[in-house]
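A look at the structure
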Amino acid sequence: LPATRDFRHREMAAYGVPPALGVAPELMGAVSTGTTIMACTYDGGVVLGADSRTSTGNYIANRASDKITCVADNVWMCRSGSAADTQNVCAYVKNLVEEHNMQRAGDVDPGFADVKLVANLTMQLAYRNKDKLSAGMIIGGWDRKEGAQVYGIPLGGSLTRTPWTAGGSGSAYIYGWCDNTFREGMSRAEAEAWVTRAISLAIARDASSGGVIRLVTIHDKGSDRKMLEPYLHPSCDDELPVVRRAGSSAAAVQADDDTDHGGGAVLRWSGVLGVVERLGRRACGSRGRVLPRAGGGERTTGVGSGRPPGAGS
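Residues numbered from 1 in each chain as written. Predicted model: local features only at pLDDT ≥ 70, side-chain atom pairs only at ≥ 80, totals over all residues. Heavy atoms only, no water.

Sheet architecture is open: five strands sit in the order β11-β2-β3-β12-β13, paired in antiparallel fashion. Looking at the sheet topology across the chains shown, the edges are occupied by β11 (164-167) and β13 (222-228). Averaged over neighbouring strand pairs, the angle between their axes works out to 15° when direction is ignored. Alignment of strand β2 (residues 37-42) against strand β3 (residues 45-50), held across six bridges, turns out to be antiparallel. If you follow T41 over to β3, its bridge partner there is V46. Set on the sheet, helix α5 (residues 188-205) makes contact with β2, β3, β11, β12 (213-219) and β13; between it and β12 the angle comes to about 155°. (Pairing = 2+ DSSP bridges. Helix = DSSP H or I, 4+ residues; strand = E, 2+ residues; numbered from the N terminus. Axes fitted to C-alpha atoms, helices over the stretch in contact; angles between N-to-C directions. Contact = heavy atoms within 4.5 Å.)

Further remarks concern the packing of helix α2 (residues 83-103) against helix α3 (residues 115-128). Close contact between α2 and α3 brings their axes to 10 Å; oriented N to C, the two are set at 135°. Overall, the two elements α2 and α3 adopt an arrangement that is oblique. Between α2 and α3 lies a crossing whose hand is right-handed. Residue-level inspection shows V89, Y92, V93, L96, V97 and H100 of α2 in contact with α3, the latter providing L117, V118, L121, T122 and L125. (Parallel < 35°, antiparallel > 145°, perpendicular 65-115°, else oblique. Left-handed = near helix turned anticlockwise from the far one by under 90°.)

In low-pLDDT regions, the fine details of the predicted coordinates are not to be read closely. Within the protein, residue pLDDT values average 76, and 67% of them lie at 70 or more. Taken element by element, the protein is modelled with least confidence in strand β15 (residues 249-253), mean pLDDT 36, and with most confidence in β3, mean pLDDT 97. When the criterion is pLDDT under 50, residues 248-313 qualifies, and its contacts beyond four places in sequence or with other chains add up to 98 contacts. (pLDDT = per-residue confidence, 0-100.)

The structure is reproduced here in structure tokens:
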């Protein structure tokens, strides 16, 4: 047993997990992208989105991984499942597409590929090796033949073309919301906002999803990438306000909210006191509370007075 434990510690170090962190080897597992990935079509292109959390068992191995991989300039792949399996499948597909384009030199634009071709190649690899792979993928892209296209390839290697699809552990939490809110013919801004909102909802409920939200928008002129840090994510229900850390200091950032809790302007405090204060304001529903002062008299909390709690009246 000690020899096995030493081996696990060496294995953890190989993944970049220092033993000094005290993470029990029993909590470590294969590197997996237990995740939330999704894609949808809009009027003129495709939007793909994913979170950035990669885990090894109960340990978060990478909080800022990139799960949206470029296969061609106009075709991208979202990956979920085993990180090693999906990375290798994507590398094989990318190589096959490049060879195919060289044979068709002059028939296709340089760097571009048929979206359906990429989806079928991915499906063939996933299906023929379904007993060995743990890989769920989404192919999204735009081409001159069929325009915007989204293909879902879940575990097992089936292939389905849909207006939108989602995958990963977080998708189970948002399928109902997506079914209820998706509509055909959205604009680019609406599609990006819809994907962002869906992934933020999954992150709030799924422990295997988290980090930043990455978006890739594909259209007839190419593709654009975007990354949204956690403080830019739409808030879900009564989530805690996100704290941005700049160096050694922390600044609390209040996310935009459609409801004014307490009927007053939202104050922005530096540090954790501001976070605690706003939470208390939401709980009591007033701009400030009158509290007894030690030694007699009264004082108000900083919600209505413009001072941190404990600063005096």
